[in-house]
Amino acid sequence: MKTSTQSTTVDTQRRLFIKQSAMAAATAIAHGTTMSLPILNAADAHSAVNWNKAPCRFCGTGCHVQVGVQDGKVFAVAGDKNAEVNKGLLCVKGYHVGSALYGKDRLTKPLLRRGDRYQEISWNTAINVIADRIESAPERFAFYGSGQWTIPEGYAAQKFMKGGLSNNHLDPNARLCMASAVTGFLATYGVDEPAGCYDDLDACDVLIMWGNNPAEMHPVLFSRVIDRRSRGEKITLIDIGTRRTRTTQECQHYLEMVGHGDMAIANGIAHLLIKNKTYDQKFVDSFCNFKSPEDENPTLHGKPITFEEYKKLLEPYTPEKVEELSGVPADQIRMLADLFGNSKLKITSLWCMGMNQHTRGTAINSMVHGVHLLSGHFGKPGDAPTSLTGQPSACGTVREVGTLCHTLPGGRLIENAEHRAQSEELWNLPEGRINPVPGAHTVAMWDKFCTPSDEGGDIDTIWVQVTNPGQTLPHLNKLFNPLEDRKRLKDKFLIVSDVYPTATTRLADLILPSAMWVEKNGVFGNSERRTQQWFKMIDPPGDARDDCWQTIAVAHRLHERRVEGMKDRDGEFLFNVKDDSGESIPIWEWEHYYDVNVDEHLFNEYREFSFMKHKNLAPYSEYVKARGLRWPVVQQGDQWQETKFRFSEEFDPFVEEGKGIQFYHSSTHDDRAQIWFHPWVPPAEVPNEEYPFMLTTGRVLEHWHSGSMTRRIPELSRAMPGAYLEIHPDDAEGLHLNNGDIALVESRRGSLNIPVWINGRAACPPGTVFIPFFDETILVNDLTLDAFDPFSKQPDYKKSAVKISRAQG
Ligand SMILES: Nc1nc2c(c(=O)[nH]1)N[C@H]1C(S)=C(S)[C@@H](COP(=O)(O)OP(=O)(O)OC[C@H]3O[C@@H](n4cnc5c(=O)[nH]c(N)nc54)[C@H](O)[C@@H]3O)O[C@H]1N2
Ligand SMILES: Nc1nc2c(c(=O)[nH]1)N[C@H]1C(S)=C(S)[C@@H](COP(=O)(O)OP(=O)(O)OC[C@H]3O[C@@H](n4cnc5c(=O)[nH]c(N)nc54)[C@H](O)[C@@H]3O)O[C@H]1N2
Ligand code: SF4
Ligand SMILES: [Mo]
């Protein structure tokens, strides 16, 4: 076990914190999440500045910015008034997004490890090194990608791995983020992706947050709701959560639960809807079936049950029992059931990591869909279950492109022979090229990589792009930190493409400098199915190059070495792009990469997959004109029409006439959605005498994940300089800890020293503590648990038992 802050003394850590926390509290208020920041108007700016549109680099809200470029540098960033998502507003991160490019220590050269040092090498050598590793053992190679990959980057990696190397060891960081939302959608509707969209927030009467903090994590989206209120509209906001946050401050009701209390609450609502006969019988009879998990070897299909059986299974979940399980008073459960029982209200549910990072994530996702279906709060604007994604392209690049170890683009599955054949057809590959066995999911991938080969660790090389697993994987001391022990893992090789030095590059064997955001072309897909395109505006620094080019260059090197998989059925290179005269353009040579728009080429190829599951995309050129379009996008006359709400005849072009609501991808093939019963189960780890506190982890407004970008933006890092332990004043007193004191926090997996912040921005109840994960010097993931949901394989970062004491030193 190691302590993250070994190098600083407890005393200096404490002095530093006291100075900084005053600033964090003050700045946080100044950047209040619901205010609009001063917006630079494109028209006001200097004439020599060139303005162009791009989606914000950071969160899944998907705001659009206008980027002003002068003398080859991003000069200013303004909110885009023409964008429907943000209507000119930005949050504090969006406002400073341009500065993320200009940290002093950008990576500019490929670096190869030589013992304890790194040597600058040429790109040609770097590409050879990767090709050597892959060629020597293609089946022991894995690609670890990201929901921050652009769609073309993810698509290129997908085609290279599954279509080229017949290797399904491709998984993204979104496994840590969205996987349970995906399985929840699949279990309920038979197809992934949200039915509603952000317009729900403009139309709902009641907004329920099921354990997320949009005031800090989707700030501009949340401001849409608060704006309505300031215009005098009546809207009831309800926060269900394990700690008070900035979101709680805006809500009329706060239902404080213990971890996994959500499962009891959802069952409690369903119990009362049936008991009070306030469920929507017509909706249920017309459009729904009932399911419960199979008794043995449960699957996403489940076991059909009758309404009567469903009712019986819910019987134990009386409001009093739910209070006992969740900690939420019985009257509040009745209040929720009364709201859902009122068909005149429009109710939107929002959720994000509280429900996804959960060892029963699939279950709780389907249960919240179930509450909406049972009560008929579905299919009308403002009346919908709306799951939020976190990363800017977790939906676009991971869910739609299918960059998970068991999926193919267009909602196709690796295990399905017909789906493989369809993908081989579209990619023009020989029959049988795609490997029928799913690859290793994130936790398994790192487990295999950090286990010596002779002990069964059968992944030797991982290539990481646009993610920082050395800081963000759970249970780092098991899944990642063994890499520090290079002797045991001497035959392993880690390749990292990043833009800055990080906790991951520190352990890499080969570091590749990447171009970021507007230094390259890109396409993202946000939380509401909106596909957003942008063009390269400036050159990357030094020898930094596009991630997509890196993948294609390696593929071509293997092609030059006659690796069979790099050819299609006609013997052509997998990523062949031809000019008008039929000549191949050598896009694998950096000097020629921008001779053609590779993004456009890849996107239009990928688009063919989108028709397979009614996720229709428009041609690339349509996205150039728009501030994003929500799929399915279909052509009507000469117009390309986006879709706001799916499965509802009024809005969705694929619903048959006269059906009203049609779940046309129903897993039971009868156009019905599935309402699931799942029993409440406790979290994987609960506090006991030895480890008496529940540690929950997450984010803060100012920082993006591992902080590699936002901690290099002075305004943001000044506003929130370092990680802290949020603890209830009574608990702190019991431990003799004051504000700024350094606490030692220990779990069964690791320990760290961290300053205490009492009465800070948010507040934990007694027995719960919170630590954010943005701070590279205080790695909270040394403490977290790697237990995961059995279906989605998504780990639970929100519930680890810890003990706390005063740090000595
Ligand atoms: N500023 C900023 N914004 C971001 C990001 C960022 O790094 N910084 N990251 C983006 C990404 S990728 C993501 S995934 C999102 C995350 O967005 P959120 O999910 O909103 O944020 P987190 O801080 O991860 O999660 C905090 C919530 O988890 C809830 N919780 C804890 N345990 C449970 C439980 O058992 N059940 C339920 N239902 N809830 C529980 C708590 O109540 C708390 O409100 O934010 C996105 N936006
Ligand atoms: N304790 C705890 N841990 C968590 C979570 C939690 O709630 N609690 N949440 C989990 C979730 S939901 C998520 S989504 C993950 C996020 O975890 P990560 O994806 O690992 O975190 P990021 O900091 O977003 O990493 C992105 C990396 O890409 C680099 N980068 C930026 N732009 C580019 C580019 O264009 N190309 C390349 N090659 N690199 C680029 C950045 O410098 C950064 O190092 O964290 C997970 N980990
Ligand atoms: S809400 Fe998200 S997308 Fe919008 S400006 Fe802030 S970080 Fe960027
Ligand atoms: Mo995430």
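Since the structure is predicted, the reported quantities are computational estimates derived from the model, not experimental observations. (Residues numbered from 1 in each chain as written. Chains lettered and ligands numbered in written order. Predicted model: local features only at pLDDT ≥ 70, side-chain atom pairs only at ≥ 80, totals over all residues. Heavy atoms only, no water.)

**Section: the overall build of the protein**
Then, in step 1: The number of helices and strands found in the protein is 27 helices and 31 strands.
Then, in step 2: Taken over C-alpha atoms, the radius of gyration comes to 25 Å for the protein, in line with the 28 Å a tight globule of 809 residues would show.
Then, in step 3: Each principal axis of the C-alpha atoms in the protein carries an extent, and together these give about 70 × 70 × 65 Å.
Then, in step 4: The proportion of buried residues among the 809 residues of the protein is 65%.
Then, in step 5: Sequence separation of at least 24 residues holds for 72% of the intrachain contacts in the protein that already meet a minimum separation of 6.
Then, in step 6: As displayed, the protein offers around 28,400 Å² of accessible surface, 49% of which is attributable to carbon and sulfur atoms.
Then, in step 7: Each charge sign in the protein was given a centre, from 87 positive and 104 negative side chains, and these centres are 3 Å apart. (Helix = DSSP H or I, 4+ residues; strand = E, 2+ residues; numbered from the N terminus. Rg over C-alpha atoms; globule rule 2.2 N^0.38 Å. Buried < 20%, exposed > 50% of the residue type's maximum accessible area, 1.4 Å probe, protein only. Contact = heavy atoms within 4.5 Å. Areas by Shrake-Rupley, 256 points an atom, 1.4 Å probe, with all protein chains shown as cover. Lys, Arg positive; Asp, Glu negative; His and termini not counted. Charge placed at Lys NZ, Arg CZ, Asp CG, Glu CD.)

**Let's talk about the packing of helix α4 (residues 151-164) against helix α22 (residues 547-560)**
Then, in step 1: Close contact between α4 and α22 brings their axes to 8 Å; oriented N to C, the two are set at 20 degrees. Considering their axes alone, α4 and α22 lie roughly parallel with respect to each other. Crossing hand, α4 versus α22: left-handed. Between α4 and α22, the contacting residues are P152, E153, A156, A157 and F160 on the first element and D547, C548, T551, V554, A555 and L558 on the second.
Then, in step 2: Within the contact of α4 with α22, the residues separate by chemical class into eight nonpolar, one polar and two charged. (Axes fitted to C-alpha atoms, helices over the stretch in contact; angles between N-to-C directions. Parallel < 35°, antiparallel > 145°, perpendicular 65-115°, else oblique. Left-handed = near helix turned anticlockwise from the far one by under 90°. Nonpolar A, V, L, I, M, F, W, Y, C, P; charged D, E, K, R; others polar.)

**Things to note about the sheet that holds strand β21 (residues 530-534)**
Then, in step 1: Spatial strand order, β20-β21-β22: three strands in an open sheet with antiparallel pairing. Because the sheet does not close on itself, it has two edges, and the strands there are β20 (522-525) and β22 (629-630).
Then, in step 2: Strand direction decides the pairing type here: β20 and β21, joined by four bridges, are antiparallel. From the neighbouring strand, V523 faces β21, where its bridge partner is Q533. (Pairing = 2+ DSSP bridges.)

**Concerning the nonpolar core**
Then, in step 1: Residues F160, L510, I552 and F575 are the most contacted members of the largest nonpolar core, which totals 63 residues.
Then, in step 2: Contact partners of F160, with chain neighbours within four places excluded, come to I134, F141, F143, L165, T551, V554, A555, L558, M566, L574 and F575.
Then, in step 3: Core analysis: the next-biggest nonpolar cluster, separate from the first, contains 59 residues, V191, L314, M335 and W351 among them. (Core = buried A, V, L, I, M, F, W, Y, C linked by side-chain atoms within 4.5 Å.)

**Structural notes on the environment of R133**
Then, in step 1: Looking at the element boundaries, R133 is found in helix α3 (residues 123-136).
Then, in step 2: Sequence separation of R133 and K53 is 80 residues, and the distance between their C-alpha atoms is 39 Å.
Then, in step 3: Not counting the four nearest positions on each side in its chain, R133 is found in contact with D460, T461, D491, K492 and F493.
Then, in step 4: One polar contact links R133 to T461, side chain to side chain, over a distance of 2.9 Å. (Polar contact = N/O pair within 3.5 Å; in protein donor to acceptor, adjacent residues only side chain to side chain.)

**What about the pairing of strand β31 (residues 800-806)?**
Then, in step 1: Pairing of strand β26 (residues 693-698) with β31, which is carried by three bridges, proceeds in the antiparallel orientation. Within β31, the position partnered with L695 by the bridge is S800.

**Observations regarding the site of ligand 3**
Then, in step 1: Around ligand 3 lies a shell formed by C56, F58, C59, T61, G62, C63, L90, C91, K93, G94, P219 and V220.
Then, in step 2: Among the secondary structure elements, those contributing two or more residues to the shell around ligand 3 are α2 (92-95) and α8 (219-230).
Then, in step 3: Classifying every residue of the shell around ligand 3 by side-chain character gives eight nonpolar, three polar and one charged. (Near = heavy atom within 4 Å.)

**Thoughts on the site of ligand 2**
Then, in step 1: Ligand 2 sits among 34 residues. The nearest are N173, N468, T472, D498 and S706.
Then, in step 2: Within the side chain of T697, one N or O atom sits 2.9 Å away from a nitrogen atom of ligand 2.
Then, in step 3: One of the side-chain nitrogen or oxygen atoms of R699 is found 3.2 Å away from a nitrogen atom of ligand 2.
Then, in step 4: Burial of ligand 2 by the surrounding chains reaches 100%, relative to a free accessible area of 920 Å².
Then, in step 5: Residue assignment for the shell around ligand 2 shows that the elements contributing at least two residues are α20 (469-472) and β18 (493-498).

**Re the UniProt feature "binding site: substrate" (unreviewed entry) in the protein**
Then, in step 1: Per the UniProt record, "binding site: substrate" (unreviewed entry) is found at F773.
Then, in step 2: Tracing the backbone shows F773 in the loop between β30 (768-772) and β31.
Then, in step 3: Once residues within four sequence positions are removed from consideration, F773 is found in contact with Q471, T472, G698, R699, H705, S706 and V780. (UniProt positions renumbered as here; feature names shortened; annotations may be inferred.)

**A look at the pattern of salt bridges**
Close approach of charged atoms allows side chains of opposite charge to pair.
Then, in step 1: This structure, assessed with the given rule, holds 51 salt bridges.
Then, in step 2: Note that R106 is salt-bridged to E519, the shortest N-O span being 2.8 Å. In this pair, R106 is assigned in the loop between α2 and β4 (111-114) and E519 in the loop between β19 (510-513) and β20, connecting sequence segments 413 residues apart. We note that R106, like E519, is buried. (Salt bridge = Lys/Arg side-chain N within 4 Å of Asp/Glu carboxyl O.)

**A look at the packing of α4 against helix α24 (residues 598-610)**
Then, in step 1: α24 packs onto α4 with a crossing angle of 70 degrees between their chain directions and a minimal axis gap of 9 Å. Put simply, α4 runs roughly perpendicular to α24. The interaxial crossing formed by α4 with α24 has left-handed handedness. Where α4 approaches α24, its residues I151, P152, Y155, A156 and K159 are matched on the opposing element by D599, L602, F603, E605, Y606 and F609.
Then, in step 2: Counted by class, the contact of α4 with α24 contains eight nonpolar, no polar and three charged residues.

**So, α22**
Then, in step 1: Between the first and last C-alpha of α22 there are 20 Å, a value that for 14 residues agrees with the 20 Å anticipated at 1.5 Å per step.
Then, in step 2: Within α22, 12 of the 14 residues are buried, which leaves the element mostly enclosed by the surrounding structure.
Then, in step 3: Within the span of α22, buried status applies to D547, C548, W549, Q550, T551, I552, A553, V554, A555, H556, R557 and L558.
Then, in step 4: After α22 finishes, the residue R562 shows a positive phi value of roughly 65 degrees. (Expected span 1.5 Å × (residues − 1).)

**Some words on the packing of aromatic side chains**
Then, in step 1: Applying the stated criterion across every chain yields a total of 39 aromatic pairs.
Then, in step 2: Between F143 and W463, the ring centres sit 4.9 Å apart and the planes meet at 10 degrees, which makes this aromatic pair stacked. In this pair, F143 sits in strand β6 (residues 141-145) while W463 sits in strand β17 (residues 461-465), placing the two residues 320 residues apart along the sequence. Judged on exposure class, the residue F143 and its partner W463 are both buried.
Then, in step 3: Each ring, one from Y593 and one from Y594, has its centre 5.2 Å from the other, and the planes form 90 degrees; the classification is edge-to-face.
Then, in step 4: Given a relative accessible area of 2%, Y593 falls into the buried group.
Then, in step 5: Relative accessible area serves as the criterion here: at 30%, Y594 is assigned to the partly exposed category.
Then, in step 6: The ring of F575 has K159 lying over it, and the distance from NZ or CZ to the ring centre is 5.6 Å. (Phe/Tyr/Trp six-rings, centres within 6.5 Å; stacked < 30°, edge-to-face > 60°. Lys NZ or Arg CZ within 6 Å of the ring centre and 35° of its normal.)

**Description of the pairing of strand β9 (residues 236-241)**
Then, in step 1: β9 sits mainly inside the fold: six of its six residues count as buried.
Then, in step 2: Burial of β9 is two-sided: the residues T236, I238 and I240 facing one way and the residues L237, D239 and G241 facing the other way are all buried.
Then, in step 3: Examined bridge by bridge, strand β8 (residues 206-210) and β9 share five bridges and lie parallel to one another. Directly across from V206, in β9, lies its bridge partner T236.

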